[in-house]
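# Coordinate analysis (summary)
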Amino acid sequence: MDSTVSVVMTTYCGEDPQELQDCLDSLLRQKRRPNEAIIVRGQNLPTELVNVISEFKRNASFEVRDISINEQGRGHARKIGVEIATSKFIAVLDADDIACPNRLSRQLEYLETNPSTDVVGGYIAEFETNPHFITSVRKVPTKLDDIRKMAHYRCPINHPTVMFRRDAVLDVGNYREIEYGEDYELWCRLLANGKSLANIPEILVKVRATELMTRRRGRKIARQEVQLQRAIVKSGFYGWGVAFGNLILRLPIRLLPKQFLKQIYQKILRS
């Protein structure tokens, strides 16, 4: 049975070398290491980040493929990563996140024992500076029907935790080259095409909560939110009625000051 796993990552200028180091170290600590890691990065990556990747390549017991591209957004980069991956299963990891040691083994076991499932994610634990001190946990529904319901108003899969069957994602057209929400749009497109999604009720990845709040506010994100809703409508998952309702709720939140956004994340969107 083909149980090979490729990890697809992206990294760009402006990211912290120590955070990238922590992320890559978490791959080296996996109970079930990947068959390959594909790092898709911007062409003008600073020397400090390039050195971290080079050191990782020297220490890894698996193949590491360092792919340099023009910076056209993460959707474009992930699309390339999926296309060139050689494994049956693909795991996504963000360059500033930390994978729990059992992440790959747990998801691979799930997909092997649930052959009808195309995508599986899990919970994320958020921290401020120290990954040993968790501030909140983002839980997501585990069953397909509940995932489908949640997808009408909110992303039902924590993207940094996802592992999927490469063929299933390619079958629906792979990641789209959109600036924001490329993961949410992909899950909706998969659901619209009859694919099966699931989540494991366990923490699989630790993420930096401060980074999430910084990336998800401002006028630029508000404009990209409109583009995202348009893309989901185009996928056929839901219509403009749902999309307009989502925009009415989401756009004011994107324009809130950071301190208010933090309260919303902690009290409403997290447990």
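Note: the structure precedes this text.
Worth saying up front: this structure is predicted, and the values here are computed from it rather than measured.

### Examining the overall build of the protein chain
A count of helical and extended segments in the protein chain gives 11 helices and nine strands. Out of the 271 residues belonging to the protein chain, those deemed buried represent 53%. Restricting the contact set of the protein chain to residue pairs at least 6 apart, pairs at least 24 apart contribute 78%. Accessible surface, the protein chain as shown: approximately 12200 Å² in total, 50% of it carbon and sulfur.

### With respect to the nonpolar core
Counting residues in hydrophobic clusters, the biggest one holds 36 residues, and the most contacted among them are F164, W187 and L197. Elements that contribute at least two residues to this core include exactly strand 2 (36–42), helix 3 (74–84), strand 4 (89–92), helix 7 (182–192) and helix 9 (219–235). Looking at this core, the element that brings in the most residues is helix 7, giving six residues. The contacts of L197, once residues within four sequence positions are left out, are V119, L144, I147, I157, W187, L190 and L191. One finds I53, A60, I124 and V205 within the second-largest nonpolar core, a separate group that totals 35 residues.

### A closer look at the side chain of H159
Mapped onto the elements of the fold, H159 is located in the loop between helix 5 (144–150) and strand 8 (163–165). Among the residues examined, H159 registers a relative accessible area of 6% and is labelled buried. Among all residues touching H159, those that are not within four sequence positions of it are R78, V92, Y175, E182, D183 and W187.

### Here we look at the environment of R29
One can find R29 in the loop between helix 1 (17–28) and strand 2. In this structure, the C-alpha to C-alpha distance between R29 and C100, residues 71 residues apart in sequence, is 8.4 Å. In this structure R29 touches D22, I98 and P101, once residues within four positions along its chain are discounted.

### Comments concerning the packing of helix 7 against helix 9
Their axes nearest at 9 Å, the elements helix 7 and helix 9 cross at an angle of 15 degrees. Taken together, the axis directions place helix 7 and helix 9 in an arrangement best described as roughly parallel. Remark: the crossing between helix 7 and helix 9 carries right-handed chirality. Touching Y184, E185, C188, R189 and A192 of helix 7 are L228, A231, I232 and S235, all from helix 9.

Conventions we followed
Each chain carries its own residue numbering, running from 1 in the written order of its sequence. A pLDDT threshold of at least 70 governs which residues receive local features in this predicted model, and a stricter bar of 80 or more applies before side-chain atom pairs are shown or counted, although totals over entire chains, interfaces and linings include all residues. As a convention, hydrogens and water are excluded, and side-chain values are obtained from all of the structure's heavy atoms. Starting at the N terminus, helices and strands are each numbered in turn, a helix being any DSSP run of H or I of at least four residues and a strand any DSSP run of E of at least two. Buried, partly exposed and exposed residues are distinguished by accessible area as a fraction of the type maximum, computed with a 1.4 Å probe on protein chains only: under 20%, between the cut-offs, and over 50%, respectively. Contact definition: two residues touch when any of their heavy atoms are within 4.5 Å. The protein chains shown are the only cover counted for residues, whose accessible areas, like all others here, come from Shrake-Rupley with a 1.4 Å probe. Residues enter a nonpolar core if they are buried and are Ala, Val, Leu, Ile, Met, Phe, Trp, Tyr or Cys, with the set joined through side-chain atoms within 4.5 Å. To get an axis, a line is fitted to the C-alpha atoms, and for a helix only the part in contact is used. The angle between two axes follows their N-to-C directions and goes from 0 to 180 degrees. An angle counts as roughly parallel when it lies under 35 degrees, as roughly antiparallel when it exceeds 145, as roughly perpendicular when it falls between 65 and 115, and as oblique in every other case. If you view the pair so one helix is near and one far, a crossing is left-handed when the near helix is turned anticlockwise from the far one by less than a right angle, and right-handed when it is turned clockwise.

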